[in-house]
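Below, each chain spelled out in residue letters.
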Amino acid sequence: MLPVTSILVAVPRPWPTPSSQGACRPVTTEAARSASGAPAAPGAVLFSPSAVVASCVGFVLIGALQALYGPAIPAFREEYALSPSAAGLGLSAHFVGGVAGVLLFDRIFGRVGNRRILGVSYVLMAAGAAGFALAPNWPLGLAAALLAGLGFGGIDYGLNQLFAVGFGHRSTAMLNILNAHFGVGAILGPALIAAVGAEHYPAVFLAFAAANLPLLLCLRGVRDRAPQPADAASGETGGQVLGRSLGSVLAVFVALYVLHVGIEAGVGGWEPTHLETVGYGAGVAATATSVYWLMMTVGRFLVAPLALRYSPQAIITVSCAGMTVCLLLAAVPGLAPYAYAGVGLFIAPIFPTGLPWLGRAAPRARRAGAVVIAASMVGGVVAGPALGKAIEWSGIRAVPLLLCGVSALCLAATLWLIRATRTTPAPR
């Protein structure tokens, strides 16, 4: 299976030999630079190979969970006699729980062992999915979606945070591989609902809940305490961020994450409508949108080897520039489906590649990762209403140009961050 093979190739060697008790011990590797730019202690890698695979399966599951609600809407609208807006609250409850999960687990990160945080998150997600499947009424269904979202947020935050520091100079590549598996789940979830029929969504949610539980067995392969970077422990950063306050840098990172996730959600939500408006059939529009999501997944796998050679700053700059050009081309009806596929390819690396850059730019800001991950979820929620209001003023045909303007802001934010996070050697 290609994704699993890609993961195992990227795991540092030598691999551990299981003990006589069969425990999954973390891989030991040479001293390497962590995602914050600091030398990590020897043996600081946080995951065994089996735990890497289990983590990627976990991201397949959170991607599938997020994507299951939409295709199931017709069935639970009929079951609970819901209006469209009331049915849409299921996904909203999931996102609210996700933001709460990120912020909650960030509060205890470092004080509670990594295995416990991830274990509780998997159990919460499984319980919430099962509760949603079995809920006798819609209020209890919403409460279950909120609970599942809480576990979703814990896994999203916890694994992103640990992958950002757990593989030394390979962390950026591994983050892209991890997040690519989210896309795999987002593709598989709706396909599964389509295969069994929306009316059988409770069985799909129950199967999803059961699939979380075996991952608990592989948590022994996760190191329980993340190593503290040597420079953070000593209070030195190895250099100084030039010219800008930490608060300004974090604010622009948050803006970059909110804006690019807004573009991601905006294209996914409005591409079919725009393509039909400019003359394409409904089937072509739906297929083109599926290709867009597929290209996001492919893009993350493709950028993983590039991340071993190029800096996060360079990758994100190229991504924002390519995304802007593709959105401009999407305004040309004959090019639109292909241009949207290009947007998916270019936008793919931004989320996972930005996390190591953030860690390096703000090594002392422990909560920075939680803030930008939560901001990305908020961006996905806000994008729909905001873009919808803009479309009311300008019309459907302006969708790619509106998103192109937002993409240009992402590029401007990236260039500002490159200048603001340049470092000079620390004084001796």
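Residues numbered from 1 in each chain as written. Predicted model: local features only at pLDDT ≥ 70, side-chain atom pairs only at ≥ 80, totals over all residues. Heavy atoms only, no water.

- The name an unreviewed UniProt entry assigns to the chain is MFS transporter, from the organism Streptomyces spongiae.
- The heading Subcellular location (unreviewed entry) in the UniProt record of the chain holds the text "Cell membrane".
- The Sequence similarities (unreviewed entry) comment attached to the chain in UniProt states, word for word, "Belongs to the major facilitator superfamily." (UniProt positions renumbered as here; feature names shortened; annotations may be inferred.)

Description of the overall build of the chain
- From N to C terminus, the chain includes 15 helices and two strands.
- In the chain, buried positions account for 51% of the 428 residues.
- The contacts in the chain between residues at least 6 apart in sequence include a share of 81% that link residues at least 24 apart. (Helix = DSSP H or I, 4+ residues; strand = E, 2+ residues; numbered from the N terminus. Buried < 20%, exposed > 50% of the residue type's maximum accessible area, 1.4 Å probe, protein only. Contact = heavy atoms within 4.5 Å.)

Structural notes on the packing of helix H9 (residues 246-277) against helix H10 (residues 282-306)
- One way to put it is that H9 packs onto H10 with a least axis distance of 7 Å and a crossing angle of 160 degrees. The angle between the axes of H9 and H10 places the two elements in the roughly antiparallel class. Considering only the axes of H9 and H10, their crossing is right-handed. Touching Ile263, Glu264, Val267, Gly268, Glu271, Pro272, Leu275 and Glu276 of H9 are Ala282, Ala285, Ala288, Thr289, Tyr292, Trp293 and Met296, all from H10. (Axes fitted to C-alpha atoms, helices over the stretch in contact; angles between N-to-C directions. Parallel < 35°, antiparallel > 145°, perpendicular 65-115°, else oblique. Left-handed = near helix turned anticlockwise from the far one by under 90°.)

Quick look at the nonpolar core
- Membership of the largest hydrophobic core comes to 112 residues, with the highest contact counts inside it found for Phe47, Phe76, Phe132, Tyr201, Phe205, Met323 and Leu327.
- Broken down by element, the residue count for this core peaks at 14 residues, all from helix H2 (residues 49-80).
- In terms of domain composition, this core takes at least three residues from each of domain 1 (49-221) and domain 2 (246-421).
- With residues up to four places along the chain from it excluded, the contact list for Tyr201 reads Ala72, Ala75, Phe76, Glu79, Tyr80, Phe132 and Ile193. (Core = buried A, V, L, I, M, F, W, Y, C linked by side-chain atoms within 4.5 Å. Domains from an automatic or database assignment.)

Re the pattern of salt bridges
- Under the defined criterion, the tally for this structure stands at two salt bridges.
- In this structure, Asp224 and Arg115 form a salt bridge, with 3.8 Å as the shortest nitrogen-oxygen distance. Here the residue Asp224 occupies a position in the loop between helix H7 (201-212) and helix H8 (230-234), and Arg115 occupies one in helix H4 (residues 114-134), the gap between them amounting to 109 residues.
- Exposure remark for Asp224: the relative accessible area of 25% places this residue in the partly exposed category.
- You can call Arg115 partly exposed: its relative accessible area is 32%.
- For the salt bridge of Lys389 with Glu392, the shortest nitrogen-to-oxygen distance reads 3.4 Å. With Lys389 and Glu392 both in helix H14 (residues 368-394), this residue pair falls three residues apart, about one helical turn.
- A relative accessible area of 58% places Glu392 in the exposed class. (Salt bridge = Lys/Arg side-chain N within 4 Å of Asp/Glu carboxyl O.)

Some details on helix H3 (residues 84-108)
- Taking 1.5 Å per residue as the helical rise, H3 with its 25 residues ought to reach 36 Å, and the 37 Å between its terminal C-alpha atoms agrees with that figure.
- The largest bend in H3 is about 30 degrees, located at Gly90.
- One or two steps after H3, the chain reaches Gly110, where phi turns positive at roughly 95 degrees. (Expected span 1.5 Å × (residues − 1). Bend = angle between axes of the 7 residues up to and from the residue.)

A word on the packing of helix H11 (residues 312-329) against helix H15 (residues 399-420)
- Two elements in contact, H11 and H15, have axes whose closest approach is 8 Å; the angle formed by their N-to-C orientations is 160 degrees. If you check the angle between H11 and H15, you find them roughly antiparallel. Crossing of H11 against H15: the hand is left-handed. From H11, Gln313, Ile316, Thr317, Cys320, Ala321, Met323, Thr324, Leu327 and Leu328 reach across to H15, where they touch Pro400, Leu401, Leu403, Cys404, Ser407, Ala408, Cys410, Leu411, Thr414, Leu415 and Ile418.

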